[in-house]
Amino acid sequence: MAAIKDVARLAGVSVAAVSKYLKTPDNMREDTRQRIAEAIAKLNYRPNPFAQSLRTGRTNIVAIAIPEVDNPYFNKMFKLLQEYCEERGLLAMLLKNSNMEQAKNAASILKSGLVDGVICYDEGQADTFIMELEVGVPVVKVGPVTDSTYPATVGIDLRTGIEKLCSHLEQTGVHSLGYIGPDSDISSVQKIGAVQRYCENSKMFLDPAVFLTDCHTYSGGFDCCQKLLESGVALPDAIIVESDMIALGVLKCLSRQGIRVPQDIRLSGYDNTDISQMSNPSLTSVHIPLDDICRTALNMLCAMIRGESVSPAIFHTDLEIRTSTMPPK
């Protein structure tokens, strides 16, 4: 098994430089960082977190608290953070925080001294950790942009992607819109609000008869769409769906009823997960730059663990246009 001195020798740098790369890679020259990264990959080097913990007094374990693991968006978030933790010689521990009971269970683990810090997808749970439960370890919040003044925050501007999506639909001739997705959390409320505001300032119309909020999953999207079709309500020109996972359920239902996408109706999702590219037709989706978000969150947490101050960061969403919203020729 390769040791840190082997990496240093192959990269032509000192052991201290490799150690610095593992802790703060962004503070190194690009050519040095690249040489060390190539050496690590070639030697398949993996730092020993337990040996490091003996030297530093830290556990080198980072908790990742997310609401669910079967949602492709949160699954990808955890895998990215796990990968970036491994690059730094850290272990990622998965915690669920979809409700208060799970948040309290997670807090008991955080208080135990088992982890050095936590990255928490925040729909209010991170505030619970920080304000109510006082877990005693650094907490980085990742989630929709809010008016919170907590400095260790990586905010996601969910509205910009929706605005670009609505503009794209309007430019392709869409007049009436439907919306399918939950309205029970901060993320979904912000997405709905962005659609409503765009329609108020444009010629597009958000049809209240095609505004369905009782769904969270693939099967929920299918069931909502089924009820819509059985109701006899006239379908809008396009339906915006709160997530790719729900949108696939809607797409499946439309397909079973012989309703073609995009010829008969246009359909879009949100999150730009892998499934949006693999569906048939491929799904237009709002893109969230998860890679950059996750790396920034981990950098922020590591800085806090070292006792350094941090500042909030904000990432904007974009639009990936695919077949499902392209007007028929």
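Preceding block: the structure.
Analysis parameters
Residues numbered from 1 in each chain as written. Predicted model: local features only at pLDDT ≥ 70, side-chain atom pairs only at ≥ 80, totals over all residues. Heavy atoms only, no water. Helix = DSSP H or I, 4+ residues; strand = E, 2+ residues; numbered from the N terminus. Expected span 1.5 Å × (residues − 1). Buried < 20%, exposed > 50% of the residue type's maximum accessible area, 1.4 Å probe, protein only. Patch = residues over 30% accessible without salt bridge, like charges linked within 9 Å, V, L, I, M, F, W, Y side chains within 5 Å. Areas by Shrake-Rupley, 256 points an atom, 1.4 Å probe, with all protein chains shown as cover. Salt bridge = Lys/Arg side-chain N within 4 Å of Asp/Glu carboxyl O. Lys, Arg positive; Asp, Glu negative; His and termini not counted. Charge placed at Lys NZ, Arg CZ, Asp CG, Glu CD. Core = buried A, V, L, I, M, F, W, Y, C linked by side-chain atoms within 4.5 Å. Contact = heavy atoms within 4.5 Å. Arc of directions from axis to C-beta. Pairing = 2+ DSSP bridges. Axes fitted to C-alpha atoms, helices over the stretch in contact; angles between N-to-C directions. Parallel < 35°, antiparallel > 145°, perpendicular 65-115°, else oblique. Nonpolar A, V, L, I, M, F, W, Y, C, P; charged D, E, K, R; others polar.

1. With respect to helix α8 (residues 158-171)
Next up, step 1: Taking 1.5 Å of rise per residue, the 14 residues of α8 would be expected to cover 20 Å, and the 21 Å separating its terminal C-alpha atoms lies within 8% of that figure.
Next up, step 2: Of the positions making up α8, those classed as buried are L158, T160, G161, I162, L165, C166, H168 and L169.
Next up, step 3: Once α8 finishes, G173 follows within two positions and takes phi at roughly 100°, a positive value.

2. Some thoughts on a negative patch on the surface
Next up, step 1: The grouping of E83, E86, D291 and D292 at the surface amounts to a negative patch.
Next up, step 2: For the negative patch, the elements supplying multiple residues, two or more each, are α5 (72-87) and α13 (290-305).
Next up, step 3: Judged by its relative accessible area of 47%, D292 falls in the partly exposed class.

3. What about the nonpolar core?
Next up, step 1: One finds M77, I119, V140, V142, L177 and V195 to be the most contacted residues of the largest nonpolar core, which totals 51 residues.
Next up, step 2: Per-element accounting of this core gives the leading share, nine residues, to α13.
Next up, step 3: Once residues lying within four places of it in the same chain are set aside, the contact partners of M77 are I66, Y121, V142, L290 and C294.
Next up, step 4: Counting residues in each nonpolar core, the second largest holds 22 residues, with L251, I259, I265 and L283 among its members.

4. Quick look at helix α6 (residues 100-111)
Next up, step 1: In this model α6 runs 16 Å from its N-terminal to its C-terminal C-alpha over twelve residues, within 8% of the 16 Å that 1.5 Å per residue would give.
Next up, step 2: Those residues of α6 that sit buried are A103, A106, A107 and L110. Down the axis of α6, the buried side of the element spans an arc of 105°, and every buried residue falls inside it.
Next up, step 3: Looking at the residues trailing α6, positive phi occurs at G113, about 85°.

5. A closer look at unusual backbone geometry
Next up, step 1: Residue P262 is reached from V261 by a cis peptide bond, and omega for that bond is 10°.
Next up, step 2: In this fold, P262 is placed in the loop between α11 (244-256) and β9 (266-271).
Next up, step 3: Cis peptide bonds are those with omega within 30 degrees of zero, and the linkage from N280 to P281 qualifies with 5°.
Next up, step 4: If you trace the backbone, P281 turns up in the loop between α12 (274-278) and β10 (284-287).
Next up, step 5: Of note in this structure, D271 is not a glycine but carries a positive phi near 110°.
Next up, step 6: By the element assignment, D271 lies in strand β9.

6. Re the sheet that holds strand β3 (residues 117-121)
Next up, step 1: Read from one edge of the open sheet, six strands run β2-β1-β3-β4-β5-β11, paired in parallel fashion. Looking at which strands have only one partner, the edges of the open sheet turn out to be β2 (91-96) and β11 (313-316). Shown here is a sheet whose adjacent strand axes are inclined to one another by a mean of 15°, direction ignored.
Next up, step 2: Where strand β5 (residues 153-157) meets β11, four bridges bridge the pair, whose relative direction is parallel. In the strand pairing of β11, V154 is matched with A313.

7. Points about the sheet that holds β10
Next up, step 1: The sheet built from six strands is open, its strands ordered β7-β6-β8-β9-β10-β12 with mixed pairing. The open sheet has two edge strands with one neighbour each: β7 (205-212) and β12 (318-320). For this sheet, the mean inter-axis angle between neighbouring strands, taken without regard to orientation, is 25°.
Next up, step 2: As paired strands, strand β6 (residues 176-180) and β7 are joined by four bridges and run parallel to one another. Bridging from a neighbouring strand, Y179 pairs with F211 of β7.

8. What about the packing of helix α2 (residues 15-23) against helix α3 (residues 30-43)?
Next up, step 1: For the pair α2 and α3, interaxial distance at closest approach is 10 Å and the crossing angle is 90°. With respect to their mutual orientation, α2 and α3 come out roughly perpendicular. Residues A17, V18, Y21 and L22 of α2 lie in contact with α3, whose contacting residues are R33, I36, A37 and I40.
Next up, step 2: Residue composition of the contact of α2 with α3, by class: seven nonpolar, no polar and one charged.

9. Points about the environment of V139
Next up, step 1: Along the chain, V139 falls in strand β4 (residues 139-144).
Next up, step 2: For V139, a relative accessible area of 3% corresponds to the buried category.
Next up, step 3: As for V139 and M304, which are separated by 165 residues in sequence, their C-alpha atoms are 8.5 Å apart.

10. Concerning the pairing of β3
Next up, step 1: Extensive coverage of β3 is indicated by the burial of five of its five residues.
Next up, step 2: Burial along β3 is two-sided: G117, I119 and Y121 and V118 and C120, pointing in opposite directions, are all buried.
Next up, step 3: Here four bridges tie strand β1 (residues 61-66) to β3, and the two strands are oriented parallel to one another. Bridge assignment links V62 to a residue of β3, and that residue is G117.

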